[in-house]
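# Residue-level structural notes
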Amino acid sequence: MLLEAVSLVGRTLALGGEDPIADLIRPVAKPPRVERIYLVKLNFQISENGPRLDADMEEIDSSVLYRYRWVGNRKGSRPQLYLTTDNLDYLVGQALPNLRAAMEEMGRQDTRLYQGLLQITEHFFQKLPDGSPVLDPEKPGLAGEDFLAIAWEGTTGKPRERARGVIGKVADQVKKFALAELGIKSSEAALWTVLFNGEPLATDPAYAAVVVRSREGAVAEGGQKSLRGICSVCGGENRPVTYDLSQLVFLKYYINDKKGFASGVSDEGFKKTFLVCSACFRSLLLAEEYIRQHLGLRIGQQIKFLVLPVFLIEPDMGREDLEAWAGRLRARVGTLSSAAVWLEKIAGRGGLETELAYFLEEQPQDNLALLNFLFYQYQENQSEFRVLGLVKDVAPGRISHLLRHSYRLAVKGEALLGADHRSWWLDLTCIYRLIPISEGQRGAEHKKLLYTYEALLGEQPVNYHFLIRQFVALAAIFQTGRFAGTNILPPQAGYEELEMGRRVLQANLLLKLLREENLLEGGWPLPGVCELEGLNGAMQDYLREMDYNGPATALFLLGYLMNQVGREQAEAGYKQKPVLEKLNYAGMLWSKVMRLSNMVFDQLRQYDILRYNEGLFAIMKKLFDAHREQWPFSPEENVFYILSGYAYATRAAMKAKADRENSNEGGGTGQ
C-alpha cells in the first residue's frame, strides 16, 4: 500500500510536465561560511593549433541546476556517465567515455552530443596501462611531458587502485588550472560540467534520454532482469516488468534486493517476489526524488526522516495541487521538527496565537492521506541507506494537535520560568537534546529517541522510568563535561549549569505533555497536587502546573535549598560548586537523600542563610517525615526531582532579575 501510494505521487508529477528529468534535478548545499557557489565549465576546443581547454563559471541557482541537468551521481559501483557532477575525478576519468559507449548502444551517433563526446575522447583522452580512460593534461598544455607515465610510476597497489590514483592527480591538475584562471576557491566550485567548442553538452536533448535510461535500469533496457508478468504496484498484467530495483534509494528498504529475501534463495527467485512495470518504476523514481527534496527533514546532525503519504482514496489533484499540499505538509512537520525557523519567520507580525491558528487552518485536502515517518541515515558517498525506524499511519491532524499543545505549554513555561516561549517549545529537536545517545561512525544509538518520537506521533505509551533515566543521564553529561561522542551540544564555557537547568525544566514540561496526552505509562504518575502554606505564589504555581505531590515537592525543595548553598559557594570563589558533587547521577537511595538533606541544613547554617530558608526547610522536612515509612520514588527519580528544584531556583533568580529590570525601565519611562 505504501509503495502504491508513493507511486501515485510520482504519477501525478509525471502528468504535470513534459521534461522527463525535471523532477530528478537536485539542490546543492553551500559549504559553511561560503557565500557563493559556482558551476565550473570545462570548455574543450579543437582548432588549427591543436586541443585547448578553457574554464568558465556561472553562479549556481535553480535555473543553472536545471539547464545543466544536475541529477547527482550514479550510486555505488555503477559506471559514471553524467556530464554535470560534483566529483571532477569522474569527468577526467570514466564519465565521458562511458557516456559515449551508452549512446553507441542506443544508436544515437547522429546527435550533436555524441559528436562532441567523440571529439573530446579522441583528442584529449588516452588509456592507462590497465585500460582505464583518462584525460591527458599534457595535450591541452596543462602539464609537462609524460605526465601520465610519471603519475603511473608514482602509484602503488593493484592496477585499478593505481588508475584511481592517476585520475586523482589529473583531477588535481585540472582543478588547479581552473581555479587559478577563474580566481575562485576550491570550496566555491560546487559543480563541474563539460562544453565542446563553447556549447554545453548537458543541454542536448539526447542527454536527457541517456539520463532517463540510466535511471530506469533494467525496465528501460529490457535486459536479463526484465520479463513479462504482473506489476506488484499497479496490478497490471502481462506487461514488461523487472525485479532489478537497485536504482532506488530509500524505497529499496521495502524491496530488499539481497538474495536471502528471494524465493528459493536464488536470483531466479526474485521473479516470484516483487516485480515493477516501467510506468510504476518511473513513478517511484520521480516520487523518491521529490519526497527526498520536498518532504525530507533533519533532526540533529545524523538523523533524517521522510514523510511518506499514503492516500486513503486516490485524490483528484493535479501537479500544482500536489505541490501546494506537500508545501503545507512540509511547513507543519518542519515546525514540529524545529519551531525556530517558523518563529523567526513570523517575528514582528501579529500575536503568536493568531499566527498559529492561521498557520494550522485546515484545508480541504489536508486529511486525504495518512503519514509514515521514515527515520534513516544515508551516506551518499557510500550509497549506504540505513533505516532507523518507521512510524506508520499518523493522521495529519495529529501534527496540528501537537503544535497547538506545544504552544500552550510554551506559554505556560514563559509565565512560570521567564525568558521567551522559544525556550520552552517542545519540538522534535528539543526532545532530541533531552535523550542522550552515543554517536559514532556507524551512526546514532537511535532506538531510545525513536521510541519517544513514536509515542508522540503514533500515540503509543512511553515508559515513565525510561524517561527519568534519560534525563538523569543528561544532567550527568553536563556535570561531568562528557559531551564528546554524544548528541548533546556543549554550552558556552561558564554556562554549563544554566543550560543543564534549562534542559531539566524542559524535561519536566515533556513529562507534563505526555501526561496530558495520556501517553505516560509505568511508574508513579504523581497524583494529587500538594498545596502548602509558606511557599511563594510563583513556586506554588509551578508545582501545581507540574502536578507535583508531597514526595516530589520535598525533593524539589531540597534541590532548591542546594541551589541557595551553591550560590554562596560561588560567591566564596568556588568554580565548581561542591554541593552539586554530592549528587550521585547513578541514583540515590532514600537513606542517601536523608543524609544529603542533613548536610544541606548544616551548610545553610555555615553560610548564614538558614534564617532566609528556614521555612522552606521545615516544609521539606515535614513532607519527608510524612512519607518516611513508604517512600514512593526510585533512586533515579530522587535525583531528577532534586535537580528539578535546583534548576527552578536558577531560573527563578534570572526571572526575578529580568522582572526588576523591566520594572525599572517602565518606571523610568513614566517619569
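Our structure's up above, just so we're on the same page.
Heads up: these notes are all about the structure in this document. (Residues numbered from 1 in each chain as written. Predicted model: local features only at pLDDT ≥ 70, side-chain atom pairs only at ≥ 80, totals over all residues. Heavy atoms only, no water.)

### Some thoughts on the sheet that holds strand β6 (residues 199-200)
In plain terms, the rule: By definition, two strands form a pair when at least two bridges between them are found by DSSP. Segments assigned H or I by DSSP are reported as helices when at least four residues long, segments assigned E as strands when at least two residues long, and all are numbered from the N terminus.
The strand order across the open sheet built from 4 strands is β2-β1-β5-β6, with neighbouring strands paired in mixed fashion. Of all the strands in the sheet, the pair left with one neighbour each is β2 (50-59) and β6. In the sheet, strand β1 (residues 38-47) pairs with β2 via 10 bridges, with the strands oriented antiparallel. The residue of β2 that forms the bridge with Y38 is E59.

### Looking at the state of the cysteines
Keep this limit in mind: Here, a disulfide means two cysteine sulfur atoms that sit within 2.5 Å of each other. Each residue is placed in one exposure class: buried if its accessible area under a 1.4 Å probe, protein chains only, is under 20% of its type's maximum, exposed if it is over 50%, and partly exposed if it falls in between.
Evaluation of the coordinates by the stated rule reveals 0 disulfides. Looking at the unpaired C234, the closest cysteine sulfur is the one in C280, lying at 3.6 Å. Classification of C234 as partly exposed rests on a relative accessible area of 40%. Note on C277: no disulfide assigned, nearest cysteine sulfur contributed by C280 at a separation of 3.7 Å.

### Overview of the packing of aromatic side chains
Two measures describe an aromatic ring pair: the distance that separates the ring centres and the angle between the ring planes. Note the threshold: Classification of ring pairs uses Phe, Tyr and Trp, with its six-membered ring standing for Trp, and accepts pairs whose centres are within 6.5 Å; under 30 degrees between planes counts as stacked, over 60 as edge-to-face, and the remaining range as tilted. A positively charged side chain is recorded as over a ring if its NZ (Lys) or CZ (Arg) lies within 6 Å of the ring centre. The angle to the ring normal must also be within 35 degrees.
This structure, assessed with the given rule, holds 23 aromatic pairs. For the ring pair W631 and F633, a centre distance of 6.0 Å and an interplane angle of 75 degrees mean the geometry is edge-to-face. There is no split in this pair, since W631 and F633 are both buried. Each member of the aromatic cluster is reached from another via a ring pair, and the members are F471, Y542, Y548, F556, Y560, W590, F624, W631, F633, F640, Y641 and Y648. Seen from the ring of Y66, R69 lies directly overhead, with NZ or CZ sitting 4.9 Å from the centre.

### Overview of the nonpolar core
Note the threshold: By convention a nonpolar core is built from buried Ala, Val, Leu, Ile, Met, Phe, Trp, Tyr and Cys residues, the set being connected through side-chain atoms within 4.5 Å. Contacts were defined at the residue level, with two residues in contact if any of their heavy atoms lie within 4.5 Å.
Core analysis: the biggest nonpolar cluster contains 226 residues, and L83, F373, F375, F624 and Y641 have the highest contact counts within it. In terms of residues, this core owes the most to one element, helix α16 (residues 464-480), which gives 11 residues. Excluding residues that lie within four positions of it along the chain, L83 makes contacts with L91, L96, L99, L113, L117, W192, T193, V194, L201, A202 and Y207.

### Some words on the packing of helix α9 (residues 278-294) against helix α10 (residues 319-337)
Basically, it comes down to this: In this description, a line fitted to the C-alpha atoms serves as the axis of each element, helices being fitted only across the stretch in contact, and the angle between N-to-C directions of two axes falls anywhere from 0 to 180 degrees. What sets the label is the angle itself: under 35 degrees gives roughly parallel, over 145 gives roughly antiparallel, 65 to 115 gives roughly perpendicular, and the rest give oblique. When residues are sorted by character, Ala, Val, Leu, Ile, Met, Phe, Trp, Tyr, Cys and Pro go into the nonpolar class, Asp, Glu, Lys and Arg into the charged class, and all the rest, Gly among them, into the polar class.
Packing of α9 against α10 brings their axes to within 10 Å, and their N-to-C directions diverge by 40 degrees. With respect to α10, the axis of α9 lies oblique. In this structure, α9 contributes Y290, Q293 and H294 to the contact, and α10 contributes L322, E323, A326 and R330. Class assignment for the residues of the contact of α9 with α10 results in 3 nonpolar, 2 polar and 2 charged.

### Quick word on the pairing of strand β11 (residues 303-311)
Most of β11 sits inside the fold, with 8 of its 9 residues counted as buried. By the bridge criterion, 4 bridges tie strand β10 (residues 296-299) to β11 in an arrangement that is antiparallel. If you follow I299 over to β11, its bridge partner there is I303. Joining the antiparallel neighbours β10 and β11 is a turn of 3 residues, in which G300 adopts a positive phi near 70 degrees.

### Topic: unusual backbone geometry
Even without a glycine there, the phi angle at N197 is positive, about 50 degrees. A residue is classified by how much of its surface remains accessible, and N197, at 42% relative accessible area, is partly exposed. Residues other than glycine seldom take positive phi values, yet N238 does so here, at roughly 50 degrees. As for its position among the elements, N238 is in the loop between β7 (226-229) and β8 (239-242).

### Details of the environment of L15
With respect to the secondary-structure elements, L15 resides in helix α1 (residues 2-15). Owing to a relative accessible area of 80%, L15 belongs among the exposed residues under this scheme. Remark: the alpha-carbon pair of L15 and R319, spanning 304 residues in sequence, is separated by 7.2 Å.

### A few points about the pattern of salt bridges
As a reminder of what qualifies: Throughout this description, the term salt bridge denotes a Lys or Arg side-chain nitrogen within 4 Å of a carboxyl oxygen of Asp or Glu.
In this structure the tally under the stated criterion is 26 salt bridges. Measuring nitrogen to oxygen at the nearest pair gives 3.2 Å for the salt bridge that ties R52 to D54. Judged by its relative accessible area of 46%, R52 is partly exposed. Taking the relative accessible area as the measure of exposure, D54 reaches 17% and is therefore buried. Notably, a salt bridge pairs E289 with R292, separated by 3.2 Å at the nearest N-O pair. Taken together, the positions of E289 and R292, both in helix α9 and 3 residues apart, correspond to about one turn of that helix. Comparing E289 with R292, the two get one shared label, buried. Shared partners join several salt bridges into a network, and the residues in it are K412, K512, E516 and E545.

### A look at helix α13 (residues 396-417)
It helps to recall that an α-helix has 3.6 residues per turn; residues three or four apart then point in one direction. The following threshold applies: Here the expected length of a helix is defined as 1.5 Å per residue gap, with one fewer gap than residues.
The end-to-end C-alpha distance of α13 is 31 Å, a good match for the 32 Å that 22 residues give at a rise of 1.5 Å each. Trailing α13 by a residue or two, G418 shows a phi angle of about 80 degrees, which is positive.

### Describing the pairing of β1
The buried count for β1 comes to 8 of 10 residues, which makes it a mostly enclosed element. Counted along the chain from β1 to the antiparallel partner β2, the turn is 2 residues long.

### Some details on the environment of G418
By secondary structure assignment, the location of G418 is in the loop between α13 and α14 (428-432). Judged by relative accessible area, which is 8%, G418 ranks as buried. For the pair G418 and A652, spaced 234 residues apart in sequence, the C-alpha to C-alpha distance is 7.8 Å.

### Things to note about the packing of α13 against helix α18 (residues 537-545)
Just so we agree on the cut-off: We call a crossing left-handed when the near helix sits turned anticlockwise from the far one by less than a right angle, and right-handed when that turn is clockwise.
The geometry of α13 relative to α18 is characterised by a closest axis approach of 10 Å and an angle of 150 degrees between their N-to-C directions. As summarised for this structure, α13 and α18 are arranged roughly antiparallel, according to the angle between their axes. Of the two elements, α13 crosses α18, and the hand of that crossing is left-handed. Here α13 contributes K412, L416 and L417 to the contact with α18, which in turn contributes D541, Y542 and E545.

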